[in-house]
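Each chain, letter by letter, is given below.
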Amino acid sequence: MLSDFGLAVEKDATHFTFAAGGTLPYMAPEQLRGRAEPASDIFALGVILYQLCTGRLPFKRSLVDLRNRAPIKPLIRPSELFELLPPDLDDVILRALTEDPRQRYVDALDFWDAVQEVISASTLHAISRQQSLHPPRQSSLSHPSLPSATPDGATRKPPTAANSIWSSPNLPGDMDDLAPDAIAYIDASEYELDSEAAHPPHQESDAAAYPSMPPRRNSDYKNTGTPARSSLRTSRGLNTSPGHAVPPANTGRAAVPPTRVLPPEAYSSSGQKAARSGGTGQSIPTRPRRPGRKLTIGLLVSALLILGLLLVLLTPIFPGLHTLTGMSAIFPGTANNPSGPTITIVPSSKTVTDNYVLQAVTTNPDPQQLQVSLHNLTATPTTQTRQITGTGHTQTNGTVSKGILTFLNGSFNPFTISVATTIPGPNGTEFLTDGPITIPAANTNTNRDGQATISAHATKVGTIGNIQALNINQTCCTTGNFVVVQNTSAFTGGQDPADYKFVQQEDVDAVVNPLVKTLTQQAQGDINGQLAANEKLIGNPDCTKNITSNKGEIGDQGHNVTSTSVTVSATCTAMAYDQKGAQQVAQDRLQRMAARDPGTGYARVGNITSQVVSVNRQSQNITLLVSAQGTWAYQFSPQSQRQLLQSVAGKSVGAAEALLKQQNGIANVFIHIKGGDTATLPTNPASINIQIQDIQVPKSANG
C-alpha cells in the first residue's frame, strides 16, 4: 500500500471506500474504475519515473476522467522526448504503465531491479555513444544554490539555465519549462569519475581502500536462478565499456569497489589530477577526461533520485528501511523522545463523491430544493444606417412592337395586298405587314365579308408602337373603300433604348455583412459584460439581424437608381446560471452526506471540490448535473492519543499493533523500535512517541 499521492486505500475496510480517490495523473486505469490493487502502486511509480526522465507527465487528466474512462492512448516513448535515454529504459517504464495490471512488475523491488539493469549498462553505453556524436558544452555544472570551490580556492557562481542539463540543445523546444524543479549539479571540471579500469581489478588493496563497502551479493534476491539478471546485478558499478570483461557472479573474489569521486584535494596546483597510491603507496596512473561526463553524472544523479523515491515509498511496507535509510523525517510529527520508540498511526479515511441534479429558475431559487438562479440576458447595439452606391448597369438599343392585323373584303371579288403595305396607326405610328395577303370575296349566301389575317410590326422603335386592341379600325388599301383593316389584339414588345445604373444585391451585401458581424460581436460583448462573477453562460448567445431598405431601389428596376440606404440592427439573447451557487449547493449536500457516512469522529481533509458536469437545456427548462468530491479522515485528539499510549504501554510490538488496529479510526499502524517485532514497548507511556500520519488528498481537492 502506498501512503503518498492520495493513493492509500484500506484493503480490508468494512465500509465503502471510494477507490477512485487519488492524484489523477498518477492513478491507474483500474483505480479510475473504482478498484485499487497493489499493481496500482507500480503504475504510479511508472508515472513518476516517466516524469523524472522526461520532465513531463505521461497523462493529462481532470475529474471528467472519473466518468469517461476510455482506454489508455499510446504514449510517447521517453527516448523520443530526451534522446539520451535508451530504448531499453522505454520498455521498462512503459511496462509499468500498461493498462492490464497483470502485465506490470510484481512489486516495487522487481521494478527497481529492471531500472538498475538498464541504467548500469544500456544507459551508460547510449550516453557514451551520444557524447561522441554530440559533444556537450564546456561550461561547468554546479549546484544551483550553493557555490562550488575550485582547486585554487575561488568560488564558482551557480549555473545558469544555459549550462543546465535540462537546457541541452538536444531537448525539444517546449521541454525547457518542464524540467524538474530540483536537479543535482556536479562540477565535472573538479570531480572526475574513475572506474577500476585504471588499476588492476580484484586486488586485496581494493578491499582495504574501501573498508566501509558491504560485500556484494552474487545472486538474485528472489533466488530465481536467472543467469542474465544475476550477472547484471553482480556487475553493477563495473566498467561496462567494450574490452572490459565482467567477472562471473560466483567467483568468490572480493567485491569491486564502486566508482570513486575524487575531491578537489586530489588535484595539484596546476589543475592536473595528483597521483593516487594504493595500499603499498604505489602511484596509480590517471585517465584523460572524456567529454560528456557531465551529462553522465546528471543521469546517474537522476537514478539516485529515483532510488530515494522508491525507498520513501517502501518504508511503510518494510519498517526496517525507516531506520536503515534515516528517513524518519518523511513521516509527519515530531518525536517527544527521539531515542524512544515511535508509533505512527495511519488514520482511517474515506473519499466521498456524489452527483446532484439542480434546476435553474428565474425567480426565488431555493437551495434546499436544489435550485439556483437563472438570468436572461439581452443586448441590442445602436442601429446603423449606411448609404450604398449601385454598380449595376443596363444598356439596350430598343425594339419595335409586333402584332396581328385582320383584313375584311366586302366586294364579291378577291383582293390582294402587296408586301410592306403601310397601315397608319394612332399618334402618328405606322405599321407594316410582314408579307402579301389575298382577301377572299364576300359570301353572298351568308352575306358575310371575306376575311384574312397577317402579322405586322411598328415602323418606329420604342414603346410608342405598343397599342391596344382596335386602335386600328379603318378602311385601307383601295379607293373603293370595301377593304377594312383591324388589330383585334394589342401590339406589344416595343422598347425604348435604355442606358441606366441600378443597385445590385451584391452592393448591399458588401456593406451589410461586415456591419452585421460588427454589431453581433458588440452584442455578444455586451452579453458577457452583463454576467456576474458567479454566473456562466449556457451555450453561445443566439443572435439575429434585421435589414431594412427603400422598396423598389434594389435590383434592376428598368430605370436609373444610382444609390439607396439600408438600416442594420442586431440583437443577441442568452441565458446564464449561478455556477458558484450550484457548486456550493453540491458541496453543502456532500458535507451533510459525510456527516452520516463516514460519520462522527471524521473531519474533512482539504476542501470539497465540485464542478458542473453538464447542462441540459430544453427551451426555458434548464437542469444541471453537478459532481462533488471530498476526503474525510478520522481525528485523534491529544487525550485520545494519550489513551492509546496507555493501552499499549508494556506490550510487545506485535500485541500493540494488533490492539491498535482494532481501535476505531485506525487504518494501519507502524511501530519503530530497536529490536524490531520482538521488542517490548516501555511501561511508561511518556517514553513512547506517537504521531498521526497526514492523509494525502488529490491536488484539486485543495484548490
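Because the structure is predicted, anything quoted here is derived from the model rather than measured. (Residues numbered from 1 in each chain as written. Predicted model: local features only at pLDDT ≥ 70, side-chain atom pairs only at ≥ 80, totals over all residues. Heavy atoms only, no water.)

**Concerning the overall build of the protein**
Link 1 in the chain: Counting secondary structure elements, the protein contains 13 helices and 25 strands.
Link 2 in the chain: If you take every contact in the protein between residues at least 6 apart in sequence, the share linking residues at least 24 apart comes to 71%. (Helix = DSSP H or I, 4+ residues; strand = E, 2+ residues; numbered from the N terminus. Contact = heavy atoms within 4.5 Å.)

**Notes on the packing of aromatic side chains**
Link 1 in the chain: Scanning all chains against the criterion turns up six aromatic pairs.
Link 2 in the chain: Both rings, one in Y105 and one in F111, keep their centres 4.9 Å apart while their planes meet at 10°; by these two values the pair is stacked.
Link 3 in the chain: In this structure Y105 comes out as buried when scored by relative accessible area, which is 6%.
Link 4 in the chain: A ring pair is formed by Y602 and Y634, whose centres lie 5.3 Å apart and whose planes are at 85°; its orientation type is edge-to-face. Linking Y602 in strand β22 (residues 602–618) with Y634 in strand β23 (residues 621–634), this pair joins segments that are 32 residues apart in sequence.
Link 5 in the chain: The class of Y634 is buried, set by a relative accessible area of 17%.
Link 6 in the chain: By the ring-pair criterion, three or more aromatic residues cluster together here, those being Y602, Y634 and F636.
Link 7 in the chain: Over the ring of Y105 we find R95, and its NZ or CZ is 4.2 Å from the ring centre. (Phe/Tyr/Trp six-rings, centres within 6.5 Å; stacked < 30°, edge-to-face > 60°. Buried < 20%, exposed > 50% of the residue type's maximum accessible area, 1.4 Å probe, protein only. Lys NZ or Arg CZ within 6 Å of the ring centre and 35° of its normal.)

**Describing the packing of helix α2 (residues 38–54) against helix α4 (residues 87–96)**
Link 1 in the chain: α4 packs onto α2 with a crossing angle of 145° between their chain directions and a minimal axis gap of 7 Å. Crossing geometry of α2 relative to α4 is assigned as left-handed. Taken together, the residues of α4 that come into contact with α2 (itself represented by I42, F43, G46, L49, Y50 and C53) are L89, I93 and A96.
Link 2 in the chain: Of the residues assigned to the contact of α2 with α4, the class counts are eight nonpolar, one polar and no charged. (Axes fitted to C-alpha atoms, helices over the stretch in contact; angles between N-to-C directions. Left-handed = near helix turned anticlockwise from the far one by under 90°. Nonpolar A, V, L, I, M, F, W, Y, C, P; charged D, E, K, R; others polar.)

**Details of the state of the cysteines**
Link 1 in the chain: One pass over the structure, following the stated rule, counts one disulfide.
Link 2 in the chain: For C543, the disulfide goes to C572, at an S-S distance of 1.9 Å. For the disulfide bridge between C543 and C572, the dihedral angle about the S-S bond is near 110°, and by the sign convention the bridge is right-handed. Within this pair, whereas C543 is found in strand β20 (residues 542–549), its partner C572 is found in strand β21 (residues 563–578), the two being separated by 29 residues in sequence. (Disulfide = S-S within 2.5 Å.)

**A look at the nonpolar core**
Side chains that are nonpolar tend, in soluble globular proteins, to be buried together.
Link 1 in the chain: Counting 41 residues, the largest nonpolar core has I343, L358 and L624 as its most contacted members.
Link 2 in the chain: Those residues in contact with I343 that lie beyond four places of it in its chain are L645, V648, L660, V669, F670, I671, L681, I688, N689, I690 and Q691. (Core = buried A, V, L, I, M, F, W, Y, C linked by side-chain atoms within 4.5 Å.)

**Quick word on the pairing of β21**
Link 1 in the chain: As paired elements, strand β7 (residues 371–379) and β21 share six bridges and run antiparallel to each other. Its bridge partner being in β21, T378 is matched across the sheet by T573.
Link 2 in the chain: Of the strand pairs in this sheet, strand β8 (residues 384–389) and β21 are connected by six bridges, and their pairing is antiparallel. Residue pairing in the sheet places T385 in a bridge with T567 of β21.
Link 3 in the chain: In this structure, strand β19 (residues 535–537) lies alongside β21, joined through three bridges in antiparallel fashion. Across the sheet, the residue bridging to E535 is D578, located in β21.
Link 4 in the chain: For β20 and β21, the ladder comprises eight bridges, and the chain directions are antiparallel. (Pairing = 2+ DSSP bridges.)

**As for the confidence of the model for the protein**
Link 1 in the chain: Scored by pLDDT, the protein comes out at a mean of 74, with 64% of its residues at no less than 70.
Link 2 in the chain: Counted against residues more than four places away or in other chains, residues 136–291, with its pLDDT under 50, gives 223 contacts. (pLDDT = per-residue confidence, 0-100.)

**Observations regarding helix α13 (residues 653–661)**
Link 1 in the chain: Taken as a whole, α13 has its buried residues at V653, A656, E657 and L660. Projected down its long axis, α13 carries its buried residues within an arc of 100°, all on one side.
Link 2 in the chain: If you follow the buried residues of α13, they end up packed against β5 (342–347), α12 (638–648) and β24 (666–672). (Arc of directions from axis to C-beta.)

**Section: the sheet that holds strand β16 (residues 473–475)**
Strand-to-strand pairing in sheets goes through backbone hydrogen bonds, with the strands running parallel or antiparallel.
Link 1 in the chain: A sheet is described by the order of its strands in space; here six strands give the open sequence β12-β13-β15-β10-β17-β16, paired in antiparallel fashion. With one partner strand each, in any of the chains shown, β12 (422–424) and β16 form the two edges of the open sheet. Within this sheet the neighbouring strands show an average axis-to-axis angle of 35°, counted without direction.
Link 2 in the chain: Where strand β10 (residues 402–409) meets strand β17 (residues 483–486), four bridges bridge the pair, whose relative direction is antiparallel. Bridging across to β17, T406 finds its partner in Q486.

**A closer look at the environment of T478**
Link 1 in the chain: For T478, the location among the structural elements is in the loop between β16 and β17.
Link 2 in the chain: Excluding anything up to four places from it in sequence, T478 contacts F415 and V483.
Link 3 in the chain: A distance of 3.3 Å separates a polar atom in the side chain of T478 from the backbone nitrogen of G480. (Polar contact = N/O pair within 3.5 Å; in protein donor to acceptor, adjacent residues only side chain to side chain.)

**With respect to unusual backbone geometry**
Link 1 in the chain: Following D597, the chain continues into P598 via a peptide bond in cis, with omega recorded as 20°.
Link 2 in the chain: Position of P598 among the secondary structure elements: in the loop between α11 (579–596) and β22.
Link 3 in the chain: Here the phi dihedral of L470 falls at roughly 65°; this positive angle occurs in a residue that is not glycine.
Link 4 in the chain: On the basis of relative accessibility, which here comes to 48%, the residue L470 falls in the partly exposed class.
Link 5 in the chain: With a phi close to 60°, S619 is a non-glycine residue in the positive phi region.
Link 6 in the chain: On the secondary structure map, S619 appears in the loop between β22 and β23.

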